[in-house]
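Residue-level listing of the chains:
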Amino acid sequence: IQTGRTVEPRAITERLAAKCPVTAVIDFSRTGLDPTTFASDPKVDTPMAELVPGTDAPAAAHMVRVKNVDLLLRSMEQAWGTDGIVVLFSYVEIPPMLDYYRTVIDSIADDTADHGMLRLWRPSVLLPLLSDGDGELAAHIAEPCEGMLLECPDAPARWALYGNDRLSYLLQSSGVPFDKLT
């Protein structure tokens, strides 16, 4: 998005989370965050290692449906810059979202698809796919989400927000100022 001013990740997360459910993809081994601070309820916390045989569950990324936005905001501040957290704004629940992404990755990957499922959620891997890669692939990645917030070291505020055609509506309804979507 392009805005007339810099909006920090904390501010945009607060505003968008007030209008849309939030799922965080957190790699606890990269971020240093304590997984016990997040819900271990299987309805809201899904170790991605369950989908990838042979992966060390504690070190793998988890998709966590965020119930406590303040905890997420503190975690984002601590983990920003570790290449280990992506914030998804989506009405889609975790199990169907994981099924969707498994299908996307299987369609583009070879026999390393299982490990690709884990690496996809690193901002350093996801960012080029969304910004510089194949537009059709980027659209597939963004499809189940209204917006995807990830760190972007080259951007002025060090973050980037990606989404599909539903993103502009979410931004408007959340009161986030923007000039245009690019």
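Residues numbered from 1 in each chain as written. Predicted model: local features only at pLDDT ≥ 70, side-chain atom pairs only at ≥ 80, totals over all residues. Heavy atoms only, no water.

Caption draft 1: The overall build of the protein chain, seen in detail. In terms of helices and strands, the protein chain carries eight helices and six strands. Per-residue burial for the protein chain yields a buried fraction of 48% across its 182 residues. Sequence-distant contacts, at least 24 apart, represent 68% of the contacts inside the protein chain between residues at least 6 apart. Accessible surface, the protein chain: about 8,800 Å² in total, of which carbon and sulfur atoms supply 51%. (Helix = DSSP H or I, 4+ residues; strand = E, 2+ residues; numbered from the N terminus. Buried < 20%, exposed > 50% of the residue type's maximum accessible area, 1.4 Å probe, protein only. Contact = heavy atoms within 4.5 Å. Areas by Shrake-Rupley, 256 points an atom, 1.4 Å probe, with all protein chains shown as cover.)

Caption draft 2: Inspection of unusual backbone geometry at higher detail. Located in the positive-phi region is Asp83, a residue other than glycine, with phi close to 60 degrees. For Asp83, the location among the structural elements is in the loop between α3 (69-79) and β4 (85-89). Accessibility expressed as a relative area gives 13% for Asp83, which makes it buried.

Caption draft 3: How the structure looks around the packing of helix α6 (residues 123-131) against helix α7 (residues 135-142). Close contact between α6 and α7 brings their axes to 7 Å; oriented N to C, the two are set at 120 degrees. Here α7 runs oblique to α6, going by the angle between their axes. Within the contact between the two elements, α6 uses Leu126, Leu129 and Leu130 and α7 uses Leu137, Ala138 and Ile141. Here the residues of the contact of α6 with α7 sort into six nonpolar, no polar and no charged. (Axes fitted to C-alpha atoms, helices over the stretch in contact; angles between N-to-C directions. Parallel < 35°, antiparallel > 145°, perpendicular 65-115°, else oblique. Nonpolar A, V, L, I, M, F, W, Y, C, P; charged D, E, K, R; others polar.)

Caption draft 4: Local environment of the environment of Met97. Summarising the element assignment, Met97 is placed in helix α4 (residues 94-108). For Met97, a relative accessible area of 0% translates into the label buried. The spacing of Met97 and Met63 is 34 residues in sequence and 9.6 Å in space, taken between C-alpha atoms.

Caption draft 5: Representation of the packing of helix α1 (residues 9-17) against α3. Between α1 and α3, the least distance of the axes is 10 Å, while the angle of their chain directions is 160 degrees. When the axis of α1 is compared with that of α3, the two are roughly antiparallel. Handedness of the α1/α3 crossing: right-handed. Here Pro9, Arg10, Thr13, Glu14 and Ala17 of α1 lie close against α3, whose contacting residues are Val69, Leu72, Leu73, Arg74, Met76 and Glu77. Classifying every residue of the contact of α1 with α3 gives six nonpolar, one polar and four charged. (Left-handed = near helix turned anticlockwise from the far one by under 90°.)

Caption draft 6: Here's a closer look at the nonpolar core. Membership of the largest hydrophobic core comes to 29 residues, with the highest contact counts inside it found for Ile12, Leu16, Leu72, Met76, Phe89, Leu149 and Leu161. Among the secondary structure elements, those contributing two or more residues to this core are α1, β1 (22-27), α3, β4, β6 (159-162) and α8 (166-174). With five residues, α3 is the largest single contributor of residues to this core. If we skip the residues at most four places from it in the chain, Leu149 touches Pro9, Ile12, Thr13, Met76, Trp80, Val86, Val87, Phe89, Trp159, Ala160 and Leu161. Formed by 27 residues, the second largest nonpolar core is a distinct cluster that contains Val25, Ala61, Leu137 and Cys152. (Core = buried A, V, L, I, M, F, W, Y, C linked by side-chain atoms within 4.5 Å.)

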